[in-house]
Structures are given as C-alpha cells and as structure tokens.
Amino acid sequence: MNFECQADALLSLSEFAKEDQISHSTSPHSILIEGPSGCGKTYLASRYAKLLNCLDFVLVNPNVKEIRESIDTCYNTSTRLVLCIENLDSGAYAASYTLLKFLEEPSSNVYIVVTCRNKLNVPATICSRCVSISVPAPSHRDICEYAEIQDFNKFHRLKDSPIWKAVRTLKNVDTVLGLDDSKLNYLYSIRFPFTDCVSNVIWKLGHYEDNSTIDVSILLNYLISISPDRFTTRQLIECEKTISSGRIAPHAALAKFVLECKYGGS
Amino acid sequence: MTIQEVGLDIFERHLKPFYVFGGSEYGVKFRYLQMIRDQMQDCKECDTVDSVIQIMKTRHLVPLPETLYIVRYDSSFIQNLSEFYANTIRNCNIIGSIVCIFESEKDVSKCEKFLPDCTVRINSVDSKFIRKYLHADYPKLPDNLINIVSDYSSTYGQAYNVCSAMSNGDITELCSMDTQEILRMFSLEQSCSESDLKQGIASRNFSVCMSIVENYADRDSIFYTILSVMLELEKLILNPRSDSSLKPYASRWKLEDVYNMFMQTYEKLLESRKYSVDVSGAIIHLLTLLQFSSIPSKEEMYV
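These figures come from a predicted structure and were not determined experimentally.

What to know about the overall build of chain B
So, step 1. From N to C terminus, chain B includes 17 helices and five strands.
So, step 2. Counting across all 303 residues of chain B, residues that qualify as buried make up 43%.
So, step 3. In the form shown here, chain B has an accessible surface area of approximately 16200 Å², with 50% of it arising from carbon and sulfur atoms.

As for the overall build of chain A
So, step 1. Counting its secondary structure elements, chain A contains 13 helices and five strands.
So, step 2. Contacts spanning at least 24 positions in sequence make up 74% of the contacts within chain A whose residues lie at least 6 apart.
So, step 3. About 12900 Å² of surface is accessible on chain A, with carbon and sulfur atoms providing 52% of the total.

Some points on the packing of aromatic side chains
So, step 1. Taken as a whole and judged by the stated rule, the model has 16 aromatic pairs over all chains.
So, step 2. Here the aromatic rings of Phe 194 of chain A and Phe 257 of chain A are separated by 6.1 Å at their centres, their planes lie at 85°, and the arrangement is edge-to-face. Residue Phe 194 of chain A is located in the loop between helix 9 (181-188) and helix 10 (198-206), and its partner Phe 257 of chain A is located in helix 13 (residues 250-263); the two are separated by 63 residues in the primary sequence.
So, step 3. Using a relative accessible area of 1% as the deciding quantity, one classes Phe 257 of chain A as buried.
So, step 4. Here the aromatic rings of Phe 18 of chain B and Phe 77 of chain B are separated by 5.8 Å at their centres, their planes lie at 40°, and the arrangement is tilted. Of the two residues, Phe 18 of chain B is situated in strand 1 (residues 18-22) and Phe 77 of chain B in helix 4 (residues 75-80); the sequence distance between them amounts to 59 residues.

Some thoughts on helix 12 (residues 194-202) of chain B
So, step 1. What helix 12 of chain B keeps buried is the set Leu 197, Lys 198, Gly 200, Ile 201 and Ala 202 of chain B.
So, step 2. Elements in contact with the buried residues of helix 12 of chain B: helix 13 (206-214), helix 14 (222-238) and helix 16 (279-289) of chain B.

Regarding the environment of Leu 231 of chain B
Residue and element names in this part refer to chain B.
So, step 1. In this fold, Leu 231 is placed in helix 14.
So, step 2. The exposure class of Leu 231 is buried, given its relative accessible area of 14%.
So, step 3. In this structure, the C-alpha to C-alpha distance between Leu 231 and Tyr 259, residues 28 residues apart in sequence, is 9.1 Å.

As for helix 11 (residues 216-225) of chain A
All names here are of chain A.
So, step 1. The element helix 11 is largely enclosed, with a buried count of seven among its 10 residues.
So, step 2. Ile 218, Leu 219, Leu 220, Asn 221, Tyr 222, Leu 223 and Ile 224 are the residues of helix 11 that are buried.
So, step 3. Those residues of helix 11 that are buried are in contact with helix 8 (170-177), helix 9, helix 10, helix 12 (230-245) and helix 13.
So, step 4. Capping the start of helix 11 is the job of one residue whose side-chain oxygen sits 3.1 Å from the backbone nitrogen of Ser 217: Asp 215.

Quick look at the packing of helix 10 of chain A against helix 14 of chain B
Any two packed helices are characterised by the angle at which their axes cross and by the distance between the axes.
So, step 1. Between helix 10 of chain A and helix 14 of chain B, the shortest axis-to-axis distance is 7 Å and the interhelical angle comes to 110°. In terms of orientation, helix 10 of chain A and helix 14 of chain B fall into the roughly perpendicular class. Across from Val 198, Ser 199, Asn 200 and Ile 202 of chain A in helix 10 of chain A, the residues of helix 14 of chain B making contact are Leu 231, Glu 234 and Lys 235 of chain B.

Considerations on the interface of chain A and chain B
So, step 1. Facing the 18 residues of chain A at the interface are 15 residues of chain B.
So, step 2. Carbon and sulfur atoms make up 70% of the area that chain A and chain B hide from each other, which totals about 1500 Å².
So, step 3. Contact with chain B buries area across many residues of chain A, yet Ile 248, Leu 259 and Tyr 263 of chain A alone supply 34% of it, more than any other trio.
So, step 4. At the surface where chain A touches chain B, the tally comes to one salt bridge.
So, step 5. Only helix 10 and helix 13 of chain A provide two or more residues apiece to the side of chain A that touches chain B.
So, step 6. It is helix 13 of chain A that provides the largest number of residues to the side of chain A that touches chain B, a total of eight residues.
So, step 7. Per-class residue counts for the side of chain A that touches chain B are 10 nonpolar, four polar and four charged.

Structural notes on the confidence of the model for chain A
So, step 1. In this model, chain A carries an average pLDDT of 87, and 98% of its residues clear a pLDDT of 70 or more.
So, step 2. Confidence scores differ between elements of chain A, with helix 4 (residues 93-104) of chain A showing the lowest mean pLDDT of 79 and helix 13 of chain A the highest of 93.

Observations regarding the pattern of salt bridges
Residue and element names in this part refer to chain A.
So, step 1. In this structure the tally under the stated criterion is 22 salt bridges over all chains.
So, step 2. Glu 69 is the salt-bridge partner of Lys 65, the closest N and O atoms lying 3.6 Å from each other. Pair noted here: Lys 65 and Glu 69 are both in helix 3 (residues 64-75), with a separation of four residues, about one helical turn.
So, step 3. Taking the relative accessible area as the measure of exposure, Glu 69 reaches 43% and is therefore partly exposed.
So, step 4. One continuous salt-bridge network, built from bridges that share partners, spans Glu 4, Arg 141 and Glu 145.

As for the sheet that holds strand 5 (residues 131-134) of chain A
All names here are of chain A.
So, step 1. Strand order in this open sheet of five strands is 2-3-4-1-5, and the pairing throughout is parallel. Each edge of the open sheet carries a strand with a single partner, namely strand 2 (56-60) and strand 5. For this sheet, the mean angle separating the axes of adjacent strands, direction not counted, is 20°.
So, step 2. Bridge count for strand 3 (residues 81-85) against strand 4 (residues 110-116) is five bridges, and the pairing is parallel.

A short note on the nonpolar core
So, step 1. Core analysis: the biggest nonpolar cluster contains 82 residues, and Trp 164 of chain A together with Met 230 of chain B have the highest contact counts within it.
So, step 2. No other element matches the nine residues that helix 14 of chain B contributes to this core.
So, step 3. In this structure, Trp 164 of chain A is in contact with Ile 143, Ala 147, Phe 155, Leu 158, Lys 159, Val 173, Val 176 and Leu 177 of chain A, ignoring residues within four places of it in sequence.
So, step 4. Within the second largest apolar cluster, 37 residues are counted, among which are Val 99, Ile 101, Ile 130 and Tyr 156 of chain B.

Quick notes on empty space enclosed by the protein
So, step 1. The final tally for this structure, using the stated rule, is one cavity of 30 Å³ or more.
So, step 2. Space inside the largest cavity adds up to approximately 50 Å³.
So, step 3. Lining the largest cavity are Gln 235, Glu 238, Cys 239, Thr 242, Ala 253, Lys 256 and Phe 257 of chain A together with Tyr 266 and Leu 270 of chain B.
So, step 4. Of all the elements in the fold, those that place two or more residues in the lining of the largest cavity are helix 12 and helix 13 of chain A together with helix 15 (255-274) of chain B.
So, step 5. Ranked by residue count, the leading element in the lining of the largest cavity is helix 12 of chain A, at four residues.
So, step 6. Here the residues of the lining of the largest cavity sort into five nonpolar, two polar and two charged.

Digging into a nonpolar patch on the surface
Residues and elements named next belong to chain B.
So, step 1. On the surface, Tyr 26, Phe 30 and Tyr 73 cluster together into a nonpolar patch covering about 280 Å² of accessible area.
So, step 2. As for its placement among the helices and strands, Tyr 26 is situated in helix 2 (residues 26-39).
So, step 3. Relative accessible area serves as the criterion here: at 33%, Tyr 26 is assigned to the partly exposed category.

Parameters at a glance
Residues numbered from 1 in each chain as written. Chains lettered and ligands numbered in written order. Predicted model: local features only at pLDDT ≥ 70, side-chain atom pairs only at ≥ 80, totals over all residues. Heavy atoms only, no water. Helix = DSSP H or I, 4+ residues; strand = E, 2+ residues; numbered from the N terminus. Buried < 20%, exposed > 50% of the residue type's maximum accessible area, 1.4 Å probe, protein only. Areas by Shrake-Rupley, 256 points an atom, 1.4 Å probe, with all protein chains shown as cover. Contact = heavy atoms within 4.5 Å. Phe/Tyr/Trp six-rings, centres within 6.5 Å; stacked < 30°, edge-to-face > 60°. Polar contact = N/O pair within 3.5 Å; in protein donor to acceptor, adjacent residues only side chain to side chain. Axes fitted to C-alpha atoms, helices over the stretch in contact; angles between N-to-C directions. Parallel < 35°, antiparallel > 145°, perpendicular 65-115°, else oblique. Buried area = accessible area lost by both parts, 1.4 Å probe. Salt bridge = Lys/Arg side-chain N within 4 Å of Asp/Glu carboxyl O. Nonpolar A, V, L, I, M, F, W, Y, C, P; charged D, E, K, R; others polar. pLDDT = per-residue confidence, 0-100. Pairing = 2+ DSSP bridges. Core = buried A, V, L, I, M, F, W, Y, C linked by side-chain atoms within 4.5 Å. 1 Å grid on protein atoms, 1.4 Å probe; cavity = no way out; pocket = protein on both sides within 12 Å on 5 of 7 lines; lining within 4 Å. Points joined across faces, edges and corners; volume = space filled by probe spheres on them. Patch = residues over 30% accessible without salt bridge, like charges linked within 9 Å, V, L, I, M, F, W, Y side chains within 5 Å.

Written as structure tokens, this is what we have:
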C-alpha cells in the first residue's frame, strides 16, 4: 500500500536503508517519525525494518519499564532488529530519559525508530540524536484508497453516511469499518443539546448499548461533524487536543466539554 | 484449595507433598509454615523447586527424613510450569512436603491453573481470625490490647509484629493509655480514604478537607476527586432522588458553583501537567474556594 501522505517518508527511509547497505557506520541509527495520530507512523517503522532486512521488529510502549526491558534485550541479542518506541510524547518524561543513554550508545545491531505526534513534546536531547521525518495527515484520497482495500463494499455503503465525516485517519477507517449496524445506529442517535446530567452523558458518549467502549477519536470527530455552533466546535477541538496530549484522563476532558456545552458559552 | 483445607490436612496429620502459598498475607503463611514444620523432622530452605525434585530423584544410602522444603519466589518454577511439569511434581515421591511461597497475582494465577489442588491464596484475613490467632500467639496480652490491634491492623503480619513489640514492653502502662495514643505509638492510625475527602469537599468544610489532605497518600489524585465530586453534585441537583453518600450536602451547592469549581480544578490540573507547579499550593487554592458562599469563576478571580 503506498499512500500520498507516506510517500516522502518512505523515500527517505529507503535512502537510509540503501546507505546502510553501503556503509553501516554512516547510516542513521535512530530515526524520529513525527505525524498526527493514525497516519501510519508504526506502519512506516515496520516497512523500514523490511527495507533493512531485519527479521525482528520490536514494538514498545512509552513507559520506563518496557523501554528498560527492551534495551536489556537489545544488549543481549546479536541479531539485527528494529526497536520502535510508539508515541514517545504521550509517555512521561522519565520514559524519554530512559531511552537517552541508549540513543547515545546504541548497539550496532539495533536500529531505533521513535514515533511521536508532536515533536515539541519530545525532549530536545532526544530530537538532536535522531534524524527527523515528518508524515502529514492522510489525504482524502489516501483514506478512500485504504478503505477500499480494507472493505470495498462496506466503504461504498458508508462513504455518504454521517459517520464517514468522522474518518480523518487510516486508524479511523479500521475502526469505522469494524462497526456493526447497531453501533452505527447508536452513534447516529447522539444529538445536541445534552439534557441529561453530565455523568450520564459521559457514560453514553463513552459506551455502546452492549457496554463496549466507543473510540474517542471517532466520537469527537463525529460530534464535530454534527456540532450545532462554533462554541461547541471550539470546545470539541480543545477536548480532542487535550486527550491526544495524553496528559489528562479522557473522561475528565469529556466531562469538561459536556459541562461547557450545558452551562458555559454565556 | 482453601486455607481451611490446609488446616484440616495439618490437623489430620495428612499433609500433601506439595503446596503453593500465594497472596499478600505473609503473617498467615508464616503461621501455617510453623504448623507444618512442627510435624516434620527437619526443615530446609531451598532456592528452587527443581533442586528439591533432584534430591528426591537421587538414591540415598540413608533414607531421607521427612522434611519441610521451603522455596521462596522461585521464578524459574513459574516459567517452567506447565501440565507436563505439574504431572512430574505429582508423580514425584516427595519425602515430606514442599511449600512454595509466591505473592504476585500473576504467579499465583498460573499455579492455580496447573496445580489447583495444591495452590491456596492467603489474602487479607478478617479481624476476628486475627484476634483468634493473636490470643493463641500471645495468651498473656490483655484482651483490650488484642482487640485494638486486631481492629486497626491491615494484616495479620502487622498485628503479630505489634503484639510482639507490646509483649516486650510495659503492659500496665499500655493498658492505661487510650486507644488513639496506642494507635499513634504503633502507627496504626488509618490513613484517610477518598470517601472522607469527597464528603469534606461536598460539605464545603475547609478545615476538614485540609486535615484530610495533610495525611492523604496520593496528592495528585485529589484533582480528580474534586472533579468527580462536582459531577456527583450536579447529578444530585438535577435528580434529587439519586442515591449518593453526598446527598446531604447537595443543598449547599448551586449549579453555577459546581461549574466554576469544576473549571477551576480542571485548569489547575492542566497546569500541573504542563508546567512544574506546586501541587500542594494548587490544592490549597482550590480548597480555599470552598469557603466562598458563591464559588468565583476564573475570570472573576483575576479581575
């Protein structure tokens, strides 16, 4: 699959891989891939592993324990591997600093790929030790192309429906195509204004009728698409920004949004 | 398997060859180990279960005595544990008993899966059992002291240690002290719970909130506690028939107060996540707002 949004990044990664074949010592050992959520950063990291002919691709969450364990594994292994730390900017600063020493003195068989949503939230010491690649948000064409590959019939059934306006990233495509009719109808039943108490509204916004959780990104994008006014849209965008920063619990950010809709705006 | 079944095995002198004692209540594990040890000729601490199995498989000129083998936190046992290994243990002729000690929930669950007939979870014990054990362990300690220790200790292990310290001290002087003094002396005072804090916030009682916050274990979670109290109050104001422990305090709040308090707390929480902020100072600022008859908005605060 080759998407417009990933084309430049893929070209850069191919060049790095070619450089590595020529001279291992001059090719970059650590790469920072920056891009919005759901644009395919982890997918690009796995493609990079294939370009380097690395059999092992290790995915690590941005917490101190997992990073430390994966670094220990790297020191004890001699096979070539790509170590991918996902969304480093959503973890605590301690996670970044755990990685720092390994970035300064990496093992020769290990290629490090760090992904993040916003490079400004990654410590400068990490950024300075990595080669940066930016991936823009996927275009409408990329999204449609990806959706057609995943489920041609369902995509064409949903593309003109209200829920498709909530699809902004490749990850959203997977989520929406995975929803059954009852879940889609539940989402369509969500309406402004909110009349119930805030805690009940948050529960309804967070859960389908079978108590499974609603994807927050899809929910917020859908609410933006049906937002009745600018104030509500602004609150939703702020809520989305806060949740994606990962520093405040999503239910607290949602509660704030619902409270503002009900009692703010005056 | 339950702890009562282990007790029955000990009472009937019909011990199994293999036990796994899991859970967090170390004091009760220690007590049962003592009881099993009393029935054996010898007791040995071993590093791994494998080493004990090897001893059993080796031929001895002199027969082995009945021995209690204690193996603590053997991670290799957990790693190798499977249906095959469990059968190996069951078919091994063990002279005496092997008792493995674990605490981690993951390890105990794995043992329960492959050795359900040998694994016993020993978590928190009811205060009446703690009292019973302490009476047996320290028959000379007066009942009132034992009652205080059993009521306020979180585990049997803690209660055992406190009674041990008491029995070495001047019992007459201890009996003359009041309960609070005894609790303070042996650090048995209970830390304040989230529900105490919620009630303090909802009742808008600044001094109660401050005294709770001083002893509160997790200061960072206080922001979320305030937010959740505001949501509960909003629900009570809109639905007065809702069931909640904060119902008596709902009449002290208006929707505007709830909104302003929520927003101020949210702002402080956001600041604490972005910048290095004095969390204690921020919490005191928020609790101070409770004293206003109408909670001011952020804009009103900084006009």
